[in-house]
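So the chains spell out like this:
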Amino acid sequence: MTKITDIYGGKNIMKKHWVLSLTLATTIFCASFGANAEAQALQYKVQPGDTLWKVSTKFKTTIPKLKQWNRLKADKIQVGQVLIVSPGAPQSTAKPANVHIETDQSSITYTVKSGDSLFSIAKARNTTVDAIRTLNKLNTNSIKKGQQLLIPSQTGFLPPSSTQLATIHKVQSGDTLWIIANKYGVSVVEIKYLNGLNTDVLYIGQELKITEGAIPPPKTPAFLADAVFPLAKESYTPFGDTWGASRQFGRTRTHEGTDIIAPKGTAVYSATGGTIVNFGWSQLGGWRISVKSPEGYHLYYAHLSKYAPGVGIGKKLSKGQVIGYVGDSGYGPEGTTGKFVSHLHFGLYDSKWKAINPYDHLRYWQAKL
């Protein structure tokens, strides 16, 4: 009987924990095993110099398929990373080096190495931290070198239900990614990955996913539920609830709105239809626009870099119409810029100009993007 070796620990696998390691020079599949392997996922371990294009060419597939099978958001891959290169039968009987097929229908055993985290292990093996924790009955994300973990097999693992909710942390004053990561026993890299962050900058009130899963959906607002988010999808940085934050310029005051960080020049869209009732320079808001909706609410867009053509007092707007562009104007005489990071300040007021926290509205509109 052929000896089957565990590629993760060099140990013999008993019963159903079978992993067949293949090399380019020595392995030929027999017909009987090939029939059993047709439903298995073919995997490849990334070598130095590999790119998604090289891997796709080697296995006669496409980059979009590789990204879909491996849940990749970018084209970057790392040496040692294990990729699914075919969800079904092998492409041919002659296999490239470092390919293996997992025939275990439930899990394989993995020995934790120096530098490993549950996140890095889950990502390399196309599973989730929650799936590994559940399988190993772990109460925390802490692991140590030499620890043996059961890892859901590629063919046996089903992604968590879309109804699974993530653990959420709301950023407080003094928080950093390092402080938050240590509080929950996760890594900074994991938090950044789960939240799509490419910077370490955080904002008070920002909601961060600590575990995989969905963020609880915002409730439908009692008014303006059919409005649209004022910025295009993926054109801005994740934002938090900045309502009530202290402001010192001009006078001591509290923040009446939500700040959304975005590159200067990003298009700003009217969240509702309506009429422009205020327009021009404000010492605090810079180049700003106030729009009165048909329901009588006032929507305030501030710190713009410029206006869209045709914008002016009395102008009738359609929902989703471009009205201006994100900037960093304000906090001084007309034309002042650069006093703060480029962002859109969005305010919401009732018919009597009483300020309303717009954060929940923005989250609801954002969920529809």
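If you're wondering where the values come from, they're calculated on a predicted model, not measured in any experiment.

(A) Examining the overall build of the chain more closely. For the chain, the helix and strand inventory stands at eight helices and 19 strands. Here the chain holds 369 residues, and 46% of them are scored as buried. Once local pairs closer than 6 in sequence are excluded, the contacts in the chain between residues at least 24 apart make up 66%. Summed over its atoms, the accessible surface of the chain is roughly 19100 Å², and 55% of this surface lies on carbon and sulfur atoms.

(B) Highlighting the pairing of strand β18 (residues 343–349). The element β18 is extensively covered by neighbouring structure, given that seven of its seven residues are classed as buried. In β18, alternate side chains face the same way, and those of H343, H345, G347 and Y349 on one face and L344, F346 and L348 on the other are all buried. Judged from the four bridges that link them, strand β11 (residues 258–261) and β18 form a sheet pairing that is antiparallel. Within β18, the residue paired with I261 across the bridge is H343. Across five bridges, the pairing between strand β15 (residues 298–307) and β18 is antiparallel. Paired with H298 across the strands is Y349, a residue of β18. With two bridges joining them, β18 and strand β19 (residues 355–356) adopt antiparallel strand pairing. Within the sheet, the bridge partner assigned to L348 lies in β19 and is I356. Here β18 folds back onto β19 in antiparallel fashion, the turn holding five residues, of which W353 has a positive phi close to 65°.

(C) Seen up close, helix α7 (residues 188–195). Of all the positions in α7, only E190, I191, L194 and N195 are classed as buried. Around the axis of α7, the buried residues are gathered within 115° of arc, so they sit on the same side. Of the surrounding elements, those touching the buried residues of α7 are α4 (118–124), α5 (129–136), α6 (177–184) and β8 (207–209). Immediately beyond the C-terminal end of α7, within one or two residues, lies G196, with a positive phi of roughly 65°.

(D) The arrangement of unusual backbone geometry in detail. The phi torsion at K137 lies on the positive side, around 55°, for a residue other than glycine. By the secondary structure assignment, K137 is in the loop between α5 and β6 (148–152). Phi is positive for Y331, close to 65°, though the residue is something other than glycine. Position of Y331 among the secondary structure elements: in the loop between β17 (322–326) and β18.

(E) Fine view of the side chain of H343. Residue position: H343 is located in strand β18. A polar contact is formed between the side chain of H343 and the backbone oxygen of V341, at a distance of 2.8 Å.

(F) Focus on helix α8 (residues 359–367). Residues Y359, H361, L362, R363, Y364 and W365 constitute the buried set of α8. Looking at the buried side of α8, the elements it contacts are β8, β11, β15 and β18.

(G) How the structure looks around the nonpolar core. Among the nonpolar cores identified, the biggest contains 30 residues, and F229, L231, V268, I289, L299, Y301 and W365 are the most heavily contacted of them. Those elements that place two or more of their residues in this core are β14 (286–292), β15, β17, β18 and α8.

(H) Geometry of the packing of aromatic side chains. The tally for this structure, following the rule as stated, stands at 13 aromatic pairs. When the centroid spacing of 5.4 Å and the interplanar angle of 75° are considered together, the rings of Y301 and F346 count as edge-to-face. With Y301 in strand β15 and F346 in strand β18, this residue pair connects regions lying 45 residues apart in the sequence. In this structure, Y301 and F346 share a single accessibility class: buried. One aromatic cluster is present, formed by F229, Y236, F239 and Y359 through successive ring pairs. Here the basic side chain of K306 rests over the ring of Y325, its NZ or CZ set 5.2 Å away from the ring centre.

(I) Region of interest: the environment of G244. Here G244 is to be found in the loop between β8 and β9 (246–247). With sequence-adjacent residues up to four places away left out, G244 is seen in contact with T254 and H255.

(J) Representation of the pattern of salt bridges. The full count for this structure, using the stated rule, is three salt bridges. The shortest N-O distance in the salt bridge between K192 and D200 comes to 2.9 Å. Among the ionic pairs, D328 bridges to K264, the shortest N-O distance being 3.4 Å. Of the two residues, D328 is situated in the loop between β17 and β18 and K264 in the loop between β11 and β12 (267–269); the sequence distance between them amounts to 64 residues. A relative accessible area of 13% means that D328 is categorised as buried. Relative accessible area serves as the criterion here: at 52%, K264 is assigned to the exposed category.

Criteria and cut-off values
- Residues numbered from 1 in each chain as written.
- Predicted model: local features only at pLDDT ≥ 70, side-chain atom pairs only at ≥ 80, totals over all residues.
- Heavy atoms only, no water.
- Helix = DSSP H or I, 4+ residues; strand = E, 2+ residues; numbered from the N terminus.
- Buried < 20%, exposed > 50% of the residue type's maximum accessible area, 1.4 Å probe, protein only.
- Contact = heavy atoms within 4.5 Å.
- Areas by Shrake-Rupley, 256 points an atom, 1.4 Å probe, with all protein chains shown as cover.
- Pairing = 2+ DSSP bridges.
- Arc of directions from axis to C-beta.
- Polar contact = N/O pair within 3.5 Å; in protein donor to acceptor, adjacent residues only side chain to side chain.
- Core = buried A, V, L, I, M, F, W, Y, C linked by side-chain atoms within 4.5 Å.
- Phe/Tyr/Trp six-rings, centres within 6.5 Å; stacked < 30°, edge-to-face > 60°.
- Lys NZ or Arg CZ within 6 Å of the ring centre and 35° of its normal.
- Salt bridge = Lys/Arg side-chain N within 4 Å of Asp/Glu carboxyl O.

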